[in-house]
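Overview (structure and organization)
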Amino acid sequence: MPRRPEPVRDLAWSPDRARELGEDTVELWVELLARLPELPVSRDFKAEELHAELALEVPEEPLPRGELLRHLRALMFEGSMYPGHPGFLAYISGSGTVPGAAADLLAAALNQNSGGFRLSPGATTIEQHLMRWLAGRFGLPPTAGGHVVAGGAVANLVGLKIARDRARDGARERGIRDGPPLAFYASTESHVIHHRAADLLGLGSQAVRPIPVDDRWQMRPEALAAAIERDLHAGVVPAAVIATAGTTATGAIDALPEIAELSARHGTHLHVDACYGGAAVLADELRPLLAGIEWADSIAVDAHKWLYTPLLGGCVLVRDARHPAASFATEATYIWLDDELRQGVDVAMHGPDFSRGFAAFKIWLSLLAHGRAAYARRIAHDAALARYLGELVEEHRDFELMAPPSLSICCFRYAPGALRRDDEALDRLNERIMTAVMADGRVYCSNAVVDGRFCLRACIVNIRTEAEHLELLLEVAAEHGARLAAAAA
Ligand SMILES: Cc1ncc(COP(=O)(O)O)c(C=O)c1O
């Protein structure tokens, strides 16, 4: 008789135990929401102190409930900074949505693997439907599709992988060595991840041709045309034109209709990095800014930026829903399935991920719980707030506007009269101001480099930011600016 193993149930908690941890967790979440406006947005964290506080020894036995809670509290209230704080205006990092956090819990509770339809029937259905809806907002045709990947870096990589494979027969099997070099074209203001994508795809980062921008930081179409012509002349194959809809530094939107026309003329894949600006398709008054994006072959748009959902949710949308499988499908003997059972889409065959979570759910639940109109209002409000900040900057004698606000970005610098003409000194001073603001706790901004000059940058992708927080940003920056300028004098 084989010895029958006894059950081991330590890890399979009962519903009551799940409720206990769940209630503790929800209590903490609600406390965070209640205290968020009063908490410091960030602090002057020290890595060693945090390590001492948070890096517990992994216990042999379960931590008692009280100790576990103490640890969670320490993480939440002593060891964290808060992108959801109304004063958080840095990078392009959305505040997170309340329904999005709840969705993450339910998605983890279900633990569906949305790599395969049969492992995630509901999740795959929702994700596919959501992506088609989003594609429709961009004006892509009914043939369009898409899926959710980690973030914008991966969403862009997937679009560019499709472009590479369309440009070079057999690239998936033999790489790109059989034939002339391939090139991508992106403005000098485009995000660095396109260089990394070219590197990962075997083209080498230098295959991304830097196209100069005009005085509004938009790619110059005639310079793009010239770069393509130069490459064609040299026997290089243009594989993708990468337009940006909302650059990271200033929020510039490339001239999409002209660029689309140029791409079409050369039969080149048009990829649009709309990781930031893509959200404008949800706001009626901003939608016209993205005219021309409907010609894209692929679009990357990050829900965790201006759709505010919690990290991560990079969406890759494609004009032709067959393209991702053509670029990523592969055979694995262990996932054989009788044709009779085959249903729906297996997204594991559409991108670099095999197993996948249900990241689409936080986007979906947020849209259902808020409704599209609320997004339209908030996105338009963010843009109005950025314009308001621009006006405040222009009115203030010690600040200088570095670029007209675009989308929800405003770039400015502290430039008191005595230093106005000394760009080098202003660069150093504003670097120090940003560092001080980040440690200050009342507000939090980051920087951009505009025309070679260091400036402070607020990007409003935050459901809690209001005019008072922008006023406070200038107050705090001016306070540190005056102190640091006096110290340096
Ligand atoms: C225009 C643009 N593209 C791509 C990215 C990269 O996105 P992610 O950080 O989600 O990978 C960013 C990040 O800010 C961005 O601004």
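Just so it is clear, the structure is predicted and the values come from calculations on it, not from any experiment.

Observations regarding the overall build of the protein
- In terms of helices and strands, the protein carries 16 helices and eleven strands.
- Relative to the 2.2 N^0.38 estimate, which gives 23 Å for 489 residues, the radius of gyration of the protein is 25 Å and therefore close to what a compact globule would have.
- In terms of its C-alpha atoms, the protein occupies a principal-axis envelope of roughly 90 × 65 × 40 Å.
- When each of the 489 residues of the protein is scored for burial, the buried share is 47%.
- At a minimum sequence separation of 6, the contacts of the protein that also span at least 24 residues come to 73%.

Here we look at the domain arrangement of the protein
- Structurally, the protein comprises domain 1 (113-370) and domain 2 (373-488).
- Across the contact, 18 residues belong to domain 1 and 17 residues belong to domain 2.
- Taken together, the residues of the side of domain 1 that touches domain 2 sort by class into ten nonpolar, five polar and three charged.

Focus on the sheet that holds strand β8 (residues 399-406)
- Ordered by their spatial adjacency, four strands build an open sheet running β8-β9-β11-β10, and the pairing between neighbours is antiparallel. Since the sheet does not close on itself, it has two edges, and those belong to β8 and β10 (446-450), each with one partner. Between one strand axis and the next, the sheet turns through 35 degrees on average, direction left out of account.
- The sheet contacts of helix α14 (residues 372-395) involve β8, β9 (409-414) and β11 (453-459), and relative to β8 the element is tilted by about 155 degrees.

Some details on the sheet that holds strand β4 (residues 237-244)
- Ordered in space as β1-β7-β6-β5-β4-β2-β3, the seven strands form an open sheet in which the pairing is mixed. What marks the edges here is a single partner per strand, and that holds for β1 (145-149) and β3 (208-211). Direction aside, the axes of adjacent strands within the sheet are offset by 20 degrees on average.

Let's talk about unusual backbone geometry
- The omega torsion of the bond from Leu-311 to Leu-312 falls at -5 degrees, within 30 degrees of zero and hence cis.
- Tracing the sequence through the fold places Leu-312 in the loop between α11 (303-306) and β7 (314-318).
- Phi angles above zero are rare outside glycine, and Tyr-91 is one such case at about 50 degrees.
- Within the secondary structure layout, Tyr-91 lies in the loop between α3 (65-78) and α4 (98-110).
- Judged by the 16 C-beta atoms lying within 10 Å of it, Tyr-91 is partly exposed.
- Notably, Asn-111 is not glycine yet its phi reads approximately 55 degrees, a positive angle.

Here we look at the pairing of β11
- Of all seven residues in β11, six are buried, a share of seventy percent or more.
- Across four bridges, the pairing between β9 and β11 is antiparallel. Across the sheet, residue Cys-411 finds its bridge partner in β11, namely Arg-457.
- Sheet analysis places β10 next to β11, joined by five bridges and oriented antiparallel. Looking at β11, one finds that Ser-446 is bridged to Arg-457.
- Once β10 ends, the chain turns through two residues before running back antiparallel as β11, passing Asp-451 with a positive phi of about 50 degrees.

What about the site of the ligand?
- Looking at the ligand, there are 14 residues lining it, with Gly-151, Gly-152, Ala-153, Thr-248 and Cys-275 nearest.
- Of the residues that constitute the shell around the ligand, the class distribution is five nonpolar, seven polar and two charged.

Comments concerning the packing of helix α9 (residues 221-233) against helix α10 (residues 256-266)
- Between α9 and α10, the least distance of the axes is 10 Å, while the angle of their chain directions is 20 degrees. Classified by the angle between their axes, α9 and α10 sit roughly parallel to one another. Pair α9 / α10 crosses with right-handed handedness. Each of Pro-221, Leu-224, Ala-225 and Ile-228 in α9 lies in contact with α10, whose residues at this interface are Glu-258, Ile-259, Leu-262 and His-266.
- Here the contact of α9 with α10 is composed, by residue class, of six nonpolar, one polar and one charged.

Conventions we followed
Residues numbered from 1 in each chain as written. Predicted model: local features only at pLDDT ≥ 70, side-chain atom pairs only at ≥ 80, totals over all residues. Helix = DSSP H or I, 4+ residues; strand = E, 2+ residues; numbered from the N terminus. Rg over C-alpha atoms; globule rule 2.2 N^0.38 Å. Buried ≥ 20, exposed ≤ 12 C-beta atoms within 10 Å, placed from the backbone. Contact = placed C-beta atoms within 7 Å. Domains from an automatic or database assignment. Nonpolar A, V, L, I, M, F, W, Y, C, P; charged D, E, K, R; others polar. Pairing = 2+ DSSP bridges. Axes fitted to C-alpha atoms, helices over the stretch in contact; angles between N-to-C directions. Near = placed C-beta within 6 Å. Parallel < 35°, antiparallel > 145°, perpendicular 65-115°, else oblique. Left-handed = near helix turned anticlockwise from the far one by under 90°.

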